[in-house]
Amino acid sequence: MRFIFTHPFRLHNTDLPPELLLTARLVALVLIFRKNRPFPQGITYLRILEIVPADSWLTGSLLIMLAGVFLLFFTPFVRGGSLLIGGILLLSILGCRGCLSNAHLYTAVLFIIIGLSSSTSGKTLLRWQLGVLYFGATLNKMMTSGWWNGAYFDALMIERHNNALYIQLSEIFPGGNLSLFMGLLVMATEGVLIVLVLWPRWNIYAIAVGILFHTAITFTANNTYGPFWYAMLASYIGLTTFPTHINLKLPANFITHQFKTSVSVLGFSHYYRVTISPVFEGIEFCFNHFSQRQHPVLYLLFTTSSFYYVMLLPLTINLFHGWLRNGLAVILLLSLIPIFFDTYQARQRFLGNASSF
Amino acid sequence: MIIGAVFIVIQLGLVFQGQFEKTKHFCWAPHNTMVAYSIDVTVDGQKLDIVQIRERYAIYYGADDKVSWEVHSIHNLFELIEIAEKRFYQDHPAEVVIQYRIEGEEERYWYYPKLSD
């Protein structure tokens, strides 16, 4: 019983890099809480899929997806679980032409890529996958006239969404200049992201630019595009270097059995190597490379469980609108900052070592 | 690692192939175009309503009362309707007219069966 309770928070003892396992689990939880099921059977891309009766299609695919989620959270067969989820989502897209959605397609492909990754390949496949995604997106936009003359953004923001802020801004920058600028900005950002995600030493900038870019689109269009925004955030969490060592320096009276147990349940001790050393003044925590005196509550941000809570809170309370949505998104993004700095400092250290040779 | 690399290379191939296809199915062209459209379907002299059109072609058409938007290539929808008619409805064929407008351009029409010249 204890195994089932703690296993979802464990990120070690599998062949997957811990960041990728966390990414897969975050997206799986998003699918469950958003009730993103595989698509029902429609007009298929592959006729062979019609051998499965339409009635059994939805139930069967849902059961396979749930089996994948179970493997991902409660067993060591996390790659198999990830492949099952990604595979069935991809099949459900191939089984319904009318359901074609790049948002769901990326989610499916992300699970497959994580399922095909290992400790040997590390995050290489994820980086390549992001590179292909941005390459395709940039090339297709470059080949479409609406992105060069501003017609796309006019149709999106004015005709479709009737966005008051955009309409006001386009009056300040008349003659389609705003739409033209937005089109060029999106193409340039996606183009830059190709380089940033493919080059490991630039990944730290990819994380910053990517998260800002997709979050800006989500807020501007007031749409997460199904699970896409979450899948992209989780992909960038997968590119971070998660701390493997957290050193807690606490006053002696903090270190009780109860404290140790609660920290353990939240997910510290299964992946992070925690050393608790009694000190008399202040509280200090340090990751691999990043050290800071902070309030102890901040420790909670770096447990695997906290990532689940922060990612899912907007979904579970069903109030994903207005100031609450914005506030929760800001908390999520702020919680990444220390890990971002840790990854940054690891890179600086790497560069420092490299230049000394 | 090798299977994963092959999987990525296939996607790269699909991106290049997509540049020569109007449908752009799997070439990572998310929200590439904004097409406003409406569909008229007549079967055996009777016009289908929104729900019947959705069921006939398994599409998310007319989600609200306003105009529908296709964010992928509209040719995907044309292809879907042709395949559905040929595959499932040869006994009760439909006459389909799609009125569409790509990003502020002039309105266009697509017909099934195709109009003879």
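Scroll up a little and you will see the structure.
Residues numbered from 1 in each chain as written. Chains lettered and ligands numbered in written order. Predicted model: local features only at pLDDT ≥ 70, side-chain atom pairs only at ≥ 80, totals over all residues. Heavy atoms only, no water.

Consecutive side chains along a regular strand alternate between the two faces of the sheet. As paired elements, strand β4 (residues 94-102) of chain B and strand β5 (residues 108-112) of chain B share five bridges and run antiparallel to each other. What sits directly across from B:Val97, in β5(B), is B:Tyr111. (Pairing = 2+ DSSP bridges. Helix = DSSP H or I, 4+ residues; strand = E, 2+ residues; numbered from the N terminus.)

With that out of the way, let us pick up the interface of chain B and chain A. Accessible area lost on assembly of the parts is the figure often given for the size of an interface. With 39 residues of chain B in contact, the opposing surface of chain A contributes 46 residues. Across the contact surface, chain B and chain A share three salt bridges. The partner of A:Glu159 in a salt bridge is B:Arg101, and the shortest N-O contact between them spans 2.9 Å. Our enumeration of links across chain B and chain A arrives at 16 residue pairs in polar contact (both at pLDDT 80 or more). Looking at the side of chain B that touches chain A, the elements with two or more residues in it are α1 (2-18) and α3 (74-88) of chain B. In terms of residue class, the side of chain B that touches chain A is built from 24 nonpolar, 10 polar and five charged. (Contact = heavy atoms within 4.5 Å. Salt bridge = Lys/Arg side-chain N within 4 Å of Asp/Glu carboxyl O. Polar contact = N/O pair within 3.5 Å; in protein donor to acceptor, adjacent residues only side chain to side chain. Nonpolar A, V, L, I, M, F, W, Y, C, P; charged D, E, K, R; others polar.)

With 88 residues, the main nonpolar core has A:Leu72, A:Ile85, A:Tyr106, A:Phe111 and A:Tyr236 as its most contacted residues. Setting aside its immediate chain neighbours within four residues, A:Tyr236 contacts A:Tyr134, A:Leu193, A:Val197, A:Ala206, A:Ile207, A:Gly210, A:Ile211 and A:His214. Counting 25 residues, the second largest nonpolar core, distinct from the first, contains B:Tyr61, B:Ile81, B:Ile102 and B:Trp110. (Core = buried A, V, L, I, M, F, W, Y, C linked by side-chain atoms within 4.5 Å. Buried < 20%, exposed > 50% of the residue type's maximum accessible area, 1.4 Å probe, protein only.)

What follows is about the side chain of B:Asn76. The topology assignment puts B:Asn76 in helix α3. The class for B:Asn76 is buried, based on a relative accessible area of 6%. Beyond its immediate chain neighbours, meaning those up to four positions away, B:Asn76 contacts A:Tyr45, A:Arg97, A:Leu100, B:Thr23 and B:His25.

Taken as a whole and assessed by the stated rule, the structure comprises 16 aromatic pairs over all chains. Between the aromatic rings of A:Tyr106 and B:Trp28, the centroid separation amounts to 6.3 Å while the plane-to-plane angle is 65°, which identifies the pairing as edge-to-face. With A:Tyr106 in helix α5 (residues 102-116) and B:Trp28 in the loop between α1 and β1 (35-43), this pair bridges two chains. A:Tyr106 sits in the buried class, given a relative accessible area of 0%. Taking the relative accessible area as the measure of exposure, B:Trp28 reaches 2% and is therefore buried. On the numbers, 4.2 Å between centres and 20° between planes, the contact of A:Trp147 with A:Tyr152 is stacked. When its relative accessible area of 3% is taken as the criterion, A:Tyr152 is described as buried. Taken together, B:Phe78, B:Tyr100, B:Trp110 and B:Tyr112 form an aromatic cluster joined through their ring pairs. Here the basic side chain of A:Lys141 rests over the ring of A:Trp147, its NZ or CZ set 5.0 Å away from the ring centre. In this arrangement the basic side chain of B:Arg56 is found over the ring face of B:Tyr89, its NZ or CZ atom lying 3.9 Å from the centre. (Phe/Tyr/Trp six-rings, centres within 6.5 Å; stacked < 30°, edge-to-face > 60°. Lys NZ or Arg CZ within 6 Å of the ring centre and 35° of its normal.)

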